[in-house]
Amino acid sequence: MLAGHVAAPCPEGTWFFTGGAGQPPHQNTVGHRWRTTLATAGLTGVKLHDLRHFYASGLIASGCDVVTVQRALGHASATTTLNTCSHLWPTAEELFADSCGLGADPATSPSL
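Residues numbered from 1 in each chain as written. Predicted model: local features only at pLDDT ≥ 70, side-chain atom pairs only at ≥ 80, totals over all residues. Heavy atoms only, no water.

Enquirer: For helix α4 (residues 66–73), give the residues involved together with the corresponding values.
Expert: What α4 keeps buried is the set V69, Q70 and L73. Down the axis, α4 shows its buried residues gathered within 105° of arc, on one side only. Elements that come into contact with the buried residues of α4 comprise α3 (48–61) and α5 (78–85). You can read the cap of α4 off the contacts: a side-chain oxygen lies 3.0 Å from the backbone nitrogen of V67, and it is on D65. (Buried < 20%, exposed > 50% of the residue type's maximum accessible area, 1.4 Å probe, protein only. Helix = DSSP H or I, 4+ residues; strand = E, 2+ residues; numbered from the N terminus. Arc of directions from axis to C-beta. Contact = heavy atoms within 4.5 Å. Polar contact = N/O pair within 3.5 Å; in protein donor to acceptor, adjacent residues only side chain to side chain.)

Right, here's the structure in full:
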């Protein structure tokens, strides 16, 4: 059902999910639907906001830079994005190890 919704064109200036009068749904409606969906799926402890972090981590894992992630999340500055997500970007040691074909395992990576 969601795949069909995503595949349908979303005309410019309209919302992907709508409430009354073509406007975005009220936050209480979204929260209620989220809790109902979790209950139906038999899940607990997953917050709707967790999806935002999942999205950010997917962007970073795909190689997106800080500014791209900032804009996708709607952060006012890249500083906000880095304060929240900096631990998700690879370190220089990991990048070096990967580029040399050594893997990111610190036990097998040479010291710099």
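Having seen the model, we can carry on.
Enquirer: Before we move on, could you go through the layout of surface pockets and cite the residues and values that matter?
Expert: In this structure, the largest pocket occupies an estimated 560 Å³ of space. Taken together, L2, W15, F16, F17, T18, P24, P25, V30, R33, W34, T37 and L48 form the lining of the largest pocket. The greatest single-element share of the lining of the largest pocket, amounting to 4 residues, is contributed by helix α2 (residues 27–41). When grouped by side-chain class, the residues that make up the lining of the largest pocket number 9 nonpolar, 2 polar and 1 charged. Each pocket or cavity is described by its volume, and for the second largest pocket that value is around 210 Å³. At the level of secondary structure, the elements contributing two or more residues to the lining of the second largest pocket comprise α3 and α4. Its residues placed into classes, the lining of the second largest pocket shows 5 nonpolar, 1 polar and 1 charged. (1 Å grid on protein atoms, 1.4 Å probe; cavity = no way out; pocket = protein on both sides within 12 Å on 5 of 7 lines; lining within 4 Å. Points joined across faces, edges and corners; volume = space filled by probe spheres on them. Nonpolar A, V, L, I, M, F, W, Y, C, P; charged D, E, K, R; others polar.)

Enquirer: Outline a nonpolar patch on the surface, supporting the account with residue identities and numerical values.
Expert: Taken together, L2, V6, F16 and F17 make up a surface patch of nonpolar side chains, about 390 Å² in accessible area. Following the sequence through the fold, V6 ends up in helix α1 (residues 2–7). (Patch = residues over 30% accessible without salt bridge, like charges linked within 9 Å, V, L, I, M, F, W, Y side chains within 5 Å. Areas by Shrake-Rupley, 256 points an atom, 1.4 Å probe, with all protein chains shown as cover. Salt bridge = Lys/Arg side-chain N within 4 Å of Asp/Glu carboxyl O.)

Enquirer: Explain the side chain of T81 to me, and be specific about the residues and the numbers.
Expert: Note on placement: T81 falls in helix α5. Classification of T81 by relative accessible area gives buried; the value is 0%. Every residue in contact with T81, bar those within four places of it in the chain, is listed here: V66, V69, Q70, H75, S86 and W89.

Structural measurements only, silent on function.
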